[in-house]
Amino acid sequence: MIKYRLSCSAGHEFESWFRAIGDYDKQWQSGLILCPICGSKEITKMPMAPAVVKGRGSETPLPLSVGRGNEAEESVLGKLRAFQQSVIENSEDVGSRFADEARKIHFGEAEERRIRGNSTAEEAKEMLEDGVPFGILPPLPEDLN
Ligand SMILES: [Zn+2]
């Protein structure tokens, strides 16, 4: 929508809305624009920039995300990747025996070393109850694919 300030030959000023820039000229040529005060068809545009109202929704951009994360997210992911990489390089993969091995190490039945692996929720709960220390590697986006 475009708003024009118009004035008639008698000097009456008024505002009128048009759907598009060309609409004013079309309506003016067709004699459709009348002064709302005196009905004169001798209308002229006032010398001012028309106010343009943008379409619905243009004022409030939607939060969208596409492709890579923003810098902050990438930074956090980078640290997580580095952390995970460090764990992987400096630990022994014991796979599903993790709970058993962690327990043995904790109770001094196995050589103290850093291990990684996986456990069921039940095993994790038992380790917590027994005070066996372990950490959970945060899942990275690529692991969730
Ligand atoms: Zn008038």
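The notes below deal with the structure included here. (Residues numbered from 1 in each chain as written. Predicted model: local features only at pLDDT ≥ 70, side-chain atom pairs only at ≥ 80, totals over all residues. Heavy atoms only, no water.)

1. As for the pattern of salt bridges
Where we set the bar: Salt-bridge detection follows one rule: a side-chain nitrogen of Lys or Arg within 4 Å of a carboxyl oxygen of Asp or Glu. Helix numbering and strand numbering both begin at the N terminus, where a helix is a DSSP run of H or I of at least 4 residues and a strand a DSSP run of E of at least 2. Classification of residues uses two cut-offs on accessible area relative to the type maximum, computed with a 1.4 Å probe and protein chains only: under 20% is buried, over 50% is exposed, and between them is partly exposed.
A full pass over the atoms with the stated rule returns 11 salt bridges. Between Arg5 and Glu13 there is a salt bridge; the shortest N-O distance is 2.7 Å. With its nearest N and O atoms 2.5 Å apart, the salt bridge here joins Arg113 to Glu92. Remark: Glu92 occurs in strand β5 (residues 92–95) and Arg113 occurs in the loop between α3 (98–106) and β6 (115–117); sequence separation between them is 21 residues. Residue classification places Glu92 among the partly exposed residues on the basis of a relative accessible area of 34%. Shared partners join several salt bridges into a network, and the residues in it are Glu92, Arg97, Glu101, Lys104 and Arg113.

2. Here we look at the coordination of the zinc ion
Keep this limit in mind: For Na, K and Ca the donor cut-off is 3.2 Å; for every other metal, N, O and S atoms count as donors within 2.8 Å. Water does not enter the count, which can leave sites looking incomplete. Sites are called tetrahedral only when four donors show all angles between 85 and 135 degrees, square planar or octahedral only when four or six donors show opposite pairs over 155 degrees and all other angles between 65 and 115, and irregular in any remaining case.
The zinc ion binds to the protein through Cys8 (SG), His12 (ND1), Cys35 (SG) and Cys38 (SG); the donor distances cover 2.0 to 2.3 Å. Each of the four donor atoms bound to the zinc ion contributes to angles spanning 106 to 116 degrees, and the resulting shape is tetrahedral. Mapped onto the sequence, the donors of the zinc ion take the spacing C-x3-H-x22-C-x2-C. Of this pair, His12 sits in the loop between β1 (2–8) and β2 (13–18) while Cys38 sits in the loop between α1 (21–29) and β3 (43–45); the two residues are 26 residues apart in sequence, bridging distant segments of the chain.

3. Points about the layout of surface pockets
Condition: Residues are said to line a cavity or pocket when one of their atoms sits within 4 Å of a point; the points come from a 1 Å grid over protein atoms alone, cavities being sets where a 1.4 Å probe fits but cannot get out and pockets being open sets with protein on both sides within 12 Å along at least five of seven lines. Grid points are joined across faces, edges and corners, and a volume is the space filled by probe spheres set on the points. Gly counts as polar in this scheme, as do all residues outside two lists: the nonpolar Ala, Val, Leu, Ile, Met, Phe, Trp, Tyr, Cys and Pro, and the charged Asp, Glu, Lys and Arg.
Space inside the largest pocket adds up to approximately 500 Å³. Forming the boundary of the largest pocket are 21 residues, of which Phe98, Ile115, Arg116, Phe134 and Gly135 lie nearest the centre. Mapped onto the lining of the largest pocket, the elements with two or more residues apiece are α2 (71–89), α3, β6 and α4 (121–130). The element that contributes the greatest number of residues to the lining of the largest pocket is α3, accounting for four residues. Residue composition of the lining of the largest pocket, grouped by class: 13 nonpolar, five polar and three charged.

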